[in-house]
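The lines below spell out each chain.
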Amino acid sequence: MAEKKKFSYDDAVSQIQQIVERLESQDMPSGFDGMIADVQKALKLIEQCRGCITEAESKLNEISGR
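Residues numbered from 1 in each chain as written. Predicted model: local features only at pLDDT ≥ 70, side-chain atom pairs only at ≥ 80, totals over all residues. Heavy atoms only, no water.

A. Region of interest: the environment of Ile-19. Inspection of the secondary structure puts Ile-19 in helix H1 (residues 9–25). A relative accessible area of 3% places Ile-19 in the buried class. For Ile-19 and Lys-41, which are 22 residues apart along the polypeptide, the C-alpha to C-alpha distance reads 8.7 Å. With residues near it in sequence (within four places) discarded, Ile-19 still touches Asp-38, Lys-41 and Ala-42. (Helix = DSSP H or I, 4+ residues; strand = E, 2+ residues; numbered from the N terminus. Buried < 20%, exposed > 50% of the residue type's maximum accessible area, 1.4 Å probe, protein only. Contact = heavy atoms within 4.5 Å.)

Structural data, given as structure tokens:
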């Protein structure tokens, strides 16, 4: 059974930036369907990043006694 890769905020941000660059340059060799897939992937990554930020904020509040 394959081991699930641990989420990396930095890797996710990098992937989002690459997707945005492709969309802005309109360099979509896979056409419209590829663009839709990229947007869906970016939205999923953004959602994961938000969760990571929320978790970090909770930990920092816990540490600071808030």
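B. Layout of helix H2 (residues 31–64). Between its first and last C-alpha atoms H2 spans 49 Å; for 34 residues at 1.5 Å apiece the expected length is 50 Å, and the two agree. Three or more residues of H2 are buried, namely Gly-34, Asp-38, Ala-42, Leu-45 and Cys-49. Close packing links the buried residues of H2 with H1. Taken from the residues just after H2, Gly-65 is the one with a positive phi, measuring 80 degrees. (Expected span 1.5 Å × (residues − 1).)

C. Spotlight on H1. Along its 17 residues, H1 runs 24 Å from first to last C-alpha, staying within 8% of the 24 Å computed at 1.5 Å per residue. The inward-facing, buried residues of H1 contact H2. After H1 finishes, the residue Gln-26 shows a positive phi value of roughly 60 degrees.

D. Geometry of the pattern of salt bridges. Scanning the entire structure with this criterion turns up 2 salt bridges. One salt bridge connects Asp-38 with Arg-22, and the closest N-O pair in it is separated by 2.9 Å. Residue Asp-38 is found in helix H2, and its partner Arg-22 is found in helix H1; the two are separated by 16 residues along the sequence. For Arg-22, a relative accessible area of 29% puts it in the partly exposed group. Between Lys-59 and Glu-55 there is a salt bridge, with the nearest N and O atoms lying 3.3 Å from each other. Here Lys-59 and its partner Glu-55 are both found in helix H2, 4 residues apart, which amounts to about one turn of the helix. Residue classification places Glu-55 among the partly exposed positions, given a relative accessible area of 48%. (Salt bridge = Lys/Arg side-chain N within 4 Å of Asp/Glu carboxyl O.)

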